[in-house]
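# Descriptive analysis of the structure
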Amino acid sequence: MTDWSTYERRINDAKGPADLDAIDQELFGRKNGTLTTALKELGSLPEAERRTKAQELNEWKKKLTGAIDIRRKELASPSDDTLKKSDTIDSTLELPGKCRGHLHPIPEFIRQVEEVFGRMGFDVAYGPEIESEENNFNKLNIPETHPARDTQDTFWIKGVQNTVLRTHTSPVQIRYMQERKPPFRMICPGKTYRKDADATHSPMFHQFEGLMIGKDVSLANLKAVLITAMRELIGRDVDFRFRTGFFPFVEPGLELDMLWKGDLKESREGKWLEMGGCGMVHPNVLKNVGIDPAQWQGFAFGFGIERPLMIKHRIPDLRSFYEGDPRFLRQF
Ligand code: DAH
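The structure reproduced in this document is the subject of the present report. Numbering of residues starts from 1 in every chain and runs along the sequence as written. Owing to the predicted nature of the model, reporting of local features is limited to residues with pLDDT of at least 70; listing and counting of side-chain atom pairs is limited to 80 or more, with chain, interface and lining totals taken over all residues. Side-chain metrics rest on all non-hydrogen atoms present in the structure, leaving aside hydrogens and water.

### Looking at the pattern of salt bridges
We define a salt bridge as a contact between a side-chain nitrogen of Lys or Arg and a carboxyl oxygen of Asp or Glu at a distance within 4 Å. As enumerated under the stated definition, the model contains 14 salt bridges in all. One salt bridge in this structure joins Glu115 and Arg119, with 2.8 Å as the shortest N-O distance. In this pair, Glu115 and Arg119 are both assigned in helix H6 (residues 105-119), four residues apart and thus about one turn of the helix distant. Whether a residue is buried, partly exposed or exposed follows from its accessible area with a 1.4 Å probe, protein chains only, as a fraction of its type maximum: under 20%, in between, or over 50%, in that order. Taking the relative accessible area as the measure of exposure, Arg119 reaches 56% and is therefore exposed. Residues Arg119 and Glu232 are paired through a salt bridge, measuring 2.8 Å at the closest nitrogen-oxygen approach. A residue pair is termed long-range when its members are at least 10 positions apart, and Arg119 in helix H6 and Glu232 in helix H9 (residues 219-234) qualify at 113 residues. The partly exposed category is assigned to Glu232, whose relative accessible area is 34%. What emerges from the salt-bridge pattern is a single network uniting Arg241, Arg243, Glu255 and Asp257. Secondary structure follows DSSP: runs of H or I at least 4 residues long count as helices, runs of E at least 2 residues long count as strands, and numbering of each begins at the N terminus.

Here it is as structure tokens:
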């Protein structure tokens, strides 16, 4: 009679999957596996003996297949010995150096703006990006018919009347003046929104606004402040040109152009580039915030942030600023 328990021992002692395959074949091989044969031979036994024998053989079949499965799994996972040898800590290993992060060029520029104007006595203010039509347009003396109000440019807020995503940082002038008494100097950086999207326009972009109101603040002060600050922010290698320009909230209104003499893209070299608008705050705007224009006067300006950065760093596509690609960001 076959002693099936020897198979059990052999299975448990198997040294590798090949040993197990051999035992498996020896027991369950279709033609002459020992257990297969024993099961086949059941048919020739007398009835009474057959029943008990069949039960016994089926139990062994179950037990031995189970044992083979278990041993197969054991052999597949590393032994304690293997782990002891391979899973050690090498304390002499050199670790890769830590990468140091830095600010994104836009917030970095905003900090510089706050710093440079801060040193000139300007307060830093912020306003909401969801703004009333009143502050974004009306109080800035922008008439109903001005093209800037056209739905082409402005994002209106669905379901909320007379509310927009601010199209410029100028409404912060209104908020600031309504809450304080002049004289004041204020700078306001932030996000602005317009329905525009291509390599040089993004539906969200950044601006910084400036405002200085006093008894005798003049256009000469505007030029001095702007030139001093912009040279510091953008580089000494820049020339400026003021041209007349129209903005409903200033009178007279000016546009500031810059000329880079330094190392720039050929196509840009020697060209004047428009940087933003400025001028003397319109008397209507002062009246709208309860300031007497017969007593107070001053200047305001508003500039884009992406544009000078694009020129300074030769960035051909504005969208690179917002994609968060480390290959772009690591260059700064
Ligand atoms: N808000 C204007 C714009 O986004 C820029 C501007 C022009 C701002 C003249 C001013 C200003 O404060 O005086 O196009």
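### As for helix H2 (residues 17-28)
Relative to the 16 Å expected for 12 residues at 1.5 Å per residue, H2 spans 16 Å between its end C-alpha atoms, a close match to the ideal helical length. Every buried residue of H2 is listed here: Leu20, Ile23, Leu27 and Phe28. For H2, the arc enclosing every buried residue in end-on projection is 105°, short of the 170-degree limit, so these residues lie on one face. Seen from the buried face of H2, the exposed residues on the opposite side, beyond 90 degrees, are Ala18 and Gln25. Considering only its buried residues, H2 is in contact with helix H1 (4-13), helix H3 (34-41) and helix H4 (47-76). To estimate how far a helix should extend, the number of its residues minus one is multiplied by 1.5 Å. Taking the helix axis as origin, the arc is that swept by the directions to the C-beta atoms. The contact criterion used throughout is that any non-hydrogen atoms of two residues lie within 4.5 Å.

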